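If you want the building blocks of each chain, they are given just below.
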Amino acid sequence: MSKDIMMGQFVPGDSFLHRMDTRFKLALAIWFIVAVFLGKTWLAYGALTAFVVLAIAASRLPVGLVFRSVKPLLFILVFTLGFNLFLVNEGEILWQWHFLRITQGGIRQAILMSVRLVMLVMGTSLLTLTTSPLDLTDGLESLMKPLKWVHFPAHELAMMMSIALRFIPTLMEEADRIMKAQMARGADFESGNLLRRAKAMVPLLVPLFVAAFRRAEDLAMAMEARCYQGGEGRTRMRQFHATWRDAVGCICMAALTCAMIFL
């Protein structure tokens, strides 16, 4: 189970994306999400796919590793595909059964929405795969630094987001161990109807929540023991500096945005 959850996992490397400034990567990730929703045609999504493939090549990560980030969203992907396939009634009717019908427009919309979702997940997952949780925290705090003038807790929010991302793989590994332990004791998580499966998850969820609260308490005690006082007056070992890689990333994202608009 834990191997299928790529969110929050960091893969060390020395690629183009790994060496980019974290602040620019965060800004470009938000820019990418906006650009994805600008596409409406096949050509636009072709440009989007080419951009994501180029980004994966620039990260030097295994393609299968990036594709694995889509696996936990297969249910949402299938739901999106069916929702648009049967509810969009545009163009020639290709198949009909009672009130259900499949049209040319429905097939087109279903494919485009599925491609949009896959590209969105794969593109944004490159952020966490190529950026360490510590750099994410510092980058988020740096971007939100102007909000401190209105007493916005930028450092605390960035720390909470970083800790949440960091502990997603840890909690999934814990859930995997608990599930295997319960199955060894005779628990069945796969057979029966939906209600029975939901009841079977109780022996999994209770110890998982207990373990999560225990980890949170241990982390809080460790931070207090080290006299952690927040971001005020803290120094950083690594300082962010914009380089030519960040300029190239901005140019590529601007080119993608123009392509999504004009295509």
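In this report, the structure presented in the accompanying data block is examined. (Residues numbered from 1 in each chain as written. Predicted model: local features only at pLDDT ≥ 70, side-chain atom pairs only at ≥ 80, totals over all residues. Heavy atoms only, no water.)

1. A short note on the packing of aromatic side chains
Going by this rule: Note on aromatic contacts: the rings of Phe and Tyr and the six-membered ring of Trp form a pair at centre separations within 6.5 Å, being stacked when their planes are under 30 degrees apart, edge-to-face when over 60 apart, and tilted otherwise. Numbering of helices and strands runs from the N terminus; a helix is a DSSP stretch of H or I covering at least four residues, while a strand is a stretch of E covering at least two. Buried, partly exposed and exposed residues are distinguished by accessible area as a fraction of the type maximum, computed with a 1.4 Å probe on protein chains only: under 20%, between the cut-offs, and over 50%, respectively.
Summed over all chains, the structure comprises two aromatic pairs. Ring geometry for F32 versus F51: centroids 6.0 Å apart, planes at 20°, classification stacked. Here the residue F32 occupies a position in helix 1 (residues 22-36), and F51 occupies one in helix 2 (residues 42-59), the gap between them amounting to 19 residues. For F32, a relative accessible area of 4% gives the class buried. You can call F51 buried: its relative accessible area is 17%.

2. Concerning the environment of S59
Selection rule: Throughout, a contact is declared for two residues whenever any of their heavy atoms are within 4.5 Å.
For S59, the location among the structural elements is in helix 2. Residue S59 is classed as buried on the basis of its relative accessible area, which comes to 1%. Note: C-alpha distance between S59 and D14 (45 residues apart in sequence) is 8.4 Å. Each residue touching S59, except ones within four places of it in the same chain, is listed here: S15, L17, H18, L126 and T130.

3. A look at the packing of helix 4 (residues 74-87) against helix 5 (residues 104-129)
Applicable threshold: All axes are obtained by fitting lines to C-alpha atoms, using only the stretch in contact for helices, and the reported angles, taken between N-to-C directions, cover 0 to 180 degrees. An angle counts as roughly parallel when it lies under 35 degrees, as roughly antiparallel when it exceeds 145, as roughly perpendicular when it falls between 65 and 115, and as oblique in every other case. Working rule for handedness: look at the near helix, and if it is turned counterclockwise from the far one by less than a right angle, call the crossing left-handed; if clockwise, right-handed. Nonpolar residues are Ala, Val, Leu, Ile, Met, Phe, Trp, Tyr, Cys and Pro. Charged residues are Asp, Glu, Lys and Arg, and all others, Gly as well, are polar.
Running from amino to carboxyl end, helix 4 crosses helix 5 at an angle of 155°, the nearest separation of the two axes being 7 Å. In terms of their interaxial angle, helix 4 and helix 5 are classed as roughly antiparallel. The hand of the helix 4/helix 5 crossing is right-handed. Residues I76, L77, T80, L81, N84 and L85 of helix 4 form the contact with helix 5, whose participating residues are G106, I107, Q109, A110, I111, M113, S114, L117 and V118. In terms of residue class, the contact of helix 4 with helix 5 is built from ten nonpolar, five polar and no charged.

Everything listed here is a matter of coordinates, which is why it stays silent on function.
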